[in-house]
Amino acid sequence: MNTLWQDLRYGARMLTKRPSFTVVAVITLALGIGANTTIFSFVNGILLRSLPYPQPERLVALDENALKRGVTSMGVSFPNFLDWREQNRVFEDIAAYGGSGLALTGAGEPEQLEGAEISHGLLEILRVPPLLGRTFTAEEDRPKSDDVVILSYGLWQRRFAGDAGIVGQKLNLNGRPYTVIGVMPEGFRFPQVAEYWVPLALNTQMYTRNDHGLGAVARLKDGVSLEQARAEMNDIAARIEEQNPVTNEGLGVSVNGMHDTLAGDYRQALLILLSVVGLVLLVACANVANLMLVRATTRQKEIAIRAAMGASRWRITRQLLTESILLGAAGGALGLLIAVWGLDLLLAAIPIKLPFWMKFDLDWRVLGFTLGISLLTGLAFGVLPALHATRTNLNETLKEGGRSSAGAGRQRSRSLLVVAEIALSLVLLVGAGLMMRSFVRLQHINPGLNPAGVLTMRINLPQSKYREAAQRADFYRQLMARLRALPGVEAAGGTVTLPLSGFTWGRSLTVEGFPILSVGQAPFIQHNVVTPGYFRTMGIPLLEGRDFNDSDAAEPKVTIVDERLAREYWPNESAVGKRIRFGPPEDNEPWHTIVGVVGAVRHQRLEAVTRNSVYLPHGEIPVSAVFLTVRTSAKPESLVEPMREQIHALDPDLPITSVRKMEDVVALSIWQPRIYTILFGVFAAVALLLAAIGLYGVMAYTVTIRTHEIGLRVALGAQRGDVLRLVAGQGVKLALTGVASGLVAALLLTRLMESLLYSTSASDPLTFAGISVLLMLVALVACYVPARRATKVDPMVALRYE
């Protein structure tokens, strides 16, 4: 221990003697370690942390699928959920849940809250008891029961100042009185960002087997594995299909760990990013190793003297490695500070509310990771210089002006490290180039609409106040007339699901004249409900027929389809006048006559082609919650207050949410590719900078040790251009070797990121060629400065140089 303490003190003293070297090395390492810690914080918060529930490994998520129709996730139907709960023997219990949105009025400004409807037993499955009060009973989870609500801790504090007597009080939600029966603990917002919970309160008449969209969660019994649960649920699904062939043919059940289900969408992208920052750290290590090799040259006599006085090679190596580890620790400490800043910056760049279970603080895993890579980094960049430094010829080194025979070996090592830096940088630059090329192509996708000049906002009519369908339809007719009359408004409309918002409403379809042999063969389509004027407002082209009008609620029932559905069923004739209906033939749903064909719209994400789409008039299905859309030639944000005034003129208690320009909605739909592209670009730029510095350092040192030779060449008649080619040529050879090696590695490694690319090949030749040229240009600049300095060597001075 005493020897270790001596090594640490001596190492610290040697590092402080050369502050410029130490500062450069620490900053270089800090960039690599900080980038790794930042991305690992996300990996930790999403993939490694357990869900914030007792025994989270026993929690599973259940979903229904129709794999024969290409549908991997369709949500759960309520009657199927009831059968699962009754027939299974592998779960302690199963609970269902769905989204909810209620307007809070009578307690300050009207506010639209985002919450969840949950079946009784869900909170018990999660094993999260309320902070105050109680959970729902089975009796409360039935239609027409008393209205009760449980509040989140955040809502309780924000709107009710943490009133300890809140339990038992009445709240006005959607115009109806709800009794508060509990408050959940701080931080709990299941399933994602809920602020309240109300009973699901469904029955099989309200929510049939054809209606999918609920979520379901269960807790495994002790001793039951996930595979056993999957096998039993598949058996149950087969029995339900046998008993209900019309509605359940081809339907299966997905049973997955709850954490895997929630984190699944992020897993591959995060692992790719972690690999990318790992490459950045390797470049940083190679750079510092080069600096250490140069520094070892200046310490040859010191090391030779210590060896001559009896120090073993292992003792000297240990001392040098101690200095490397000290550098790594200093780089790790500074990297941790960079990671804190980088984490805040990255979180601020995410434009959505993150689920409550994602936590990105610097916990013991992150700190342990930073400590681990700091120590490993110190060893990684310190081993090679230490081995070279201790491989010294004592007689030659101790001579005045003598050169070590290890000098050539060190030069080869420095050259190999530079080649590795350039190769790794090329891999990162190619990855960044592919991401940028992919993102540019993504931005040029035609979403099927014109978002410029469109403002959107959402309102939800309370059921207690607008019980009748005619009331809701009349409200929206009046509101649309008022909005169209506003100065600057060119068109106005409404829709249940906003394009590119990530939400879709799917239904199966029957087309007249195209018989379906079984329900499993029924096509699955994107379904939407819109008001007259919606297509014009959104810039969705009307290709054939007419738009909806206010009389379309009456018979005969009408519909509008998109061009893809029309092309699929009537490729050589007009779709107008043809008939379709929803669900399989056995459902006997009413026929709808097609009165128009519109352009195809991307509903879910910009990069995802939506299923064939069918639109129904709002007058036929006057739903409560609608996204209002208006088009203007002025700035869209200038209409926010005028629209708010018109809404409150009809109903002053209606809260208004999701106020956004449609251009922002489009941008929001590609926020993940945008952030991935920015991260790739930043990390690749850091690697390129480090590689350029490394190449410059090697060439500058080469000029220094070859000063005598260069002076001799000049004295014998070598011209300026000859010297320039001599020095720069060596650097160009290193760069070419690095680029060639990097191209091979990039061809192999970029295939791993294919899932992040849109309409771009992982081996895109234009990107590979462009990045190679860019890297060679940077290398030429890095070589030119030392080469130019070499041309200015004074032969008389150089011939005396040792």
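The model shown is predicted, which means the values in this text are computed figures rather than measured ones. (Residues numbered from 1 in each chain as written. Predicted model: local features only at pLDDT ≥ 70, side-chain atom pairs only at ≥ 80, totals over all residues. Heavy atoms only, no water.)

## Looking at the overall build of the chain
- Scanning the chain from terminus to terminus reveals 23 helices and 21 strands.
- For the chain, buried positions account for 53% of its 802 residues.
- Excluding contacts between residues fewer than 6 apart, the proportion of contacts in the chain whose partners are at least 24 apart in sequence is 81%.
- Accessible surface computed for the chain: about 34900 Å², of which carbon and sulfur atoms make up 59%. (Helix = DSSP H or I, 4+ residues; strand = E, 2+ residues; numbered from the N terminus. Buried < 20%, exposed > 50% of the residue type's maximum accessible area, 1.4 Å probe, protein only. Contact = heavy atoms within 4.5 Å. Areas by Shrake-Rupley, 256 points an atom, 1.4 Å probe, with all protein chains shown as cover.)

## Side note on the confidence of the model for the chain
- Considering every residue of the chain, the mean pLDDT works out to 85; 87% of them sit at 70 or more.
- Here residues 400–406 scores under 50 on pLDDT; set against residues more than four positions off or in separate chains, the count is 14 contacts. (pLDDT = per-residue confidence, 0-100.)

## A closer look at helix α6 (residues 226–243)
- With 18 residues, α6 should cover 26 Å at 1.5 Å per step; its first-to-last C-alpha distance of 26 Å lies within 8% of that length.
- Among the residues making up α6, those that are buried are Ala229, Met233, Ile236, Ala237 and Ile240. Projected down its long axis, α6 shows its buried positions confined to an angular sector of 105°, all on one face. Pointing more than 90 degrees away from the buried face of α6 are the exposed residues Glu227 and Glu242.
- Residues of α6 that are buried in the fold lie against β1 (59–65), α3 (78–87), β2 (91–105), β9 (215–220), α7 (245–248) and β10 (252–257). (Expected span 1.5 Å × (residues − 1). Arc of directions from axis to C-beta.)

## Remarks on the pairing of strand β12 (residues 489–495)
- Most of β12 is tucked away, with six of its seven residues classed as buried.
- Pairing of β12 with strand β20 (residues 625–632) involves six bridges; the strand directions are antiparallel. Pairing of glycine 493 across the sheet is with threonine 629, part of β20. (Pairing = 2+ DSSP bridges.)

## A short note on the nonpolar core
- Residues Ile46, Tyr53, Leu126, Phe188, Trp197, Phe680 and Leu695 are the most contacted members of the largest nonpolar core, which totals 91 residues.
- Ranked by residues supplied to this core, first place goes to helix α19 (residues 671–705) with 14 residues.
- Formed by 40 residues, the second largest nonpolar core is a distinct cluster that contains Leu509, Val561, Ala566 and Val630. (Core = buried A, V, L, I, M, F, W, Y, C linked by side-chain atoms within 4.5 Å.)

## Examining a nonpolar patch on the surface
- On the surface, a nonpolar cluster with roughly 410 Å² of combined accessible area is contributed by Val23, Ile27, Leu31, Leu334 and Leu337.
- Every element with two or more residues in the nonpolar patch is listed here: α2 (19–48) and α10 (313–349).
- Ranked by residues supplied to the nonpolar patch, first place goes to α2 with three residues.
- As for its placement among the helices and strands, isoleucine 27 is situated in helix α2. (Patch = residues over 30% accessible without salt bridge, like charges linked within 9 Å, V, L, I, M, F, W, Y side chains within 5 Å. Salt bridge = Lys/Arg side-chain N within 4 Å of Asp/Glu carboxyl O.)

## Notes on the pattern of salt bridges
- Throughout the structure, instances matching the rule amount to 19 salt bridges.
- The partner of aspartate 562 in a salt bridge is arginine 564, and the shortest N-O contact between them spans 2.8 Å.
- The exposure class assigned to aspartate 562 is buried, which follows from its relative accessible area of 0%.
- Ionic pairing is found between arginine 567 and glutamate 563, a salt bridge with its closest N-O pair at 3.4 Å. A residue pair is termed a helical-turn pair when its members lie 3 or 4 positions apart in one helix, as arginine 567 and glutamate 563 do in helix α16 (residues 563–569) at four residues.

## Examining unusual backbone geometry
- Backbone torsion omega between phenylalanine 190 and proline 191 reads 5°, so that peptide bond is classified as cis.
- Structurally, proline 191 can be placed in the loop between β7 (176–183) and β8 (196–199).
- In this model, alanine 201 sits at a positive phi of 50°, which is unusual for a non-glycine residue.
- With respect to the helices and strands, the residue alanine 201 is situated in the loop between β8 and β9.
- Classification of alanine 201 as buried rests on a relative accessible area of 18%.
- For serine 658, which is not a glycine, the phi torsion comes out positive at approximately 50°.
- When you line up the elements, serine 658 lands in strand β21 (residues 657–661).

## What about the packing of aromatic side chains?
- Enumeration over the complete set of coordinates arrives at 16 aromatic pairs.
- When the ring of tyrosine 153 is compared with that of tryptophan 156, the centres are 5.6 Å apart and the planes differ by 70°; the resulting orientation is edge-to-face. With tyrosine 153 and tryptophan 156 both in helix α5 (residues 153–160), this residue pair falls three residues apart, about one helical turn.
- Take tyrosine 153: its relative accessible area is 23%, and that puts it in the partly exposed class.
- Classification of tryptophan 156 by relative accessible area gives buried; the value is 7%.
- Linked through ring pairs, Tyr53, Phe188, Trp197 and Phe356 together constitute an aromatic cluster.
- Against the face of phenylalanine 627 rests arginine 458, its NZ or CZ located 5.5 Å from the ring centre. (Phe/Tyr/Trp six-rings, centres within 6.5 Å; stacked < 30°, edge-to-face > 60°. Lys NZ or Arg CZ within 6 Å of the ring centre and 35° of its normal.)

## Quick notes on the side chain of threonine 456
- Checked against the element boundaries, threonine 456 lands in strand β11 (residues 454–460).
- Judged by its relative accessible area of 0%, threonine 456 is buried.
- Every residue in contact with threonine 456, bar those within four places of it in the chain, is listed here: Leu498, Leu628, Thr629, Ser658, Val659, Arg660, Met662 and Val665.

## Side note on the side chain of serine 374
- Within the fold, serine 374 resides in helix α11 (residues 364–390).
- For serine 374, a relative accessible area of 4% gives the class buried.
- Apart from residues lying up to four places away in sequence, serine 374 is in contact with Ile33, Gly328, Ala329 and Gly332.

## Some thoughts on the pairing of β2
- Alignment of β2 against β9, held across six bridges, turns out to be antiparallel. Directly across from aspartate 93, in β9, lies its bridge partner arginine 219.
- Bridge count for β2 against strand β6 (residues 170–173) is two bridges, and the pairing is antiparallel. Along β6, the bridge assignment pairs threonine 105 with asparagine 172.

## What to know about the packing of α3 against α6
- Running from amino to carboxyl end, α3 crosses α6 at an angle of 125°, the nearest separation of the two axes being 10 Å. Taken together, the axis directions place α3 and α6 in an arrangement best described as oblique. Here the hand of the crossing between α3 and α6 comes out right-handed. The segment α3 lies against α6, with Asn80, Asp83, Trp84 and Gln87 engaging Glu232, Met233, Ile236, Arg239 and Ile240.
- A class-by-class count of the residues in the contact of α3 with α6 yields four nonpolar, two polar and three charged. (Axes fitted to C-alpha atoms, helices over the stretch in contact; angles between N-to-C directions. Parallel < 35°, antiparallel > 145°, perpendicular 65-115°, else oblique. Left-handed = near helix turned anticlockwise from the far one by under 90°. Nonpolar A, V, L, I, M, F, W, Y, C, P; charged D, E, K, R; others polar.)

## Thoughts on helix α17 (residues 640–650)
- Looking at α17, one finds that the buried residues are Val640, Met643, Gln646 and Ile647. Along the long axis of α17, the arc covered by the buried residues comes to 135°, so they all point the same way.
- Of the surrounding secondary structure, the elements contacted by the buried residues of α17 are β11, α14 (469–484), β20 and β21.

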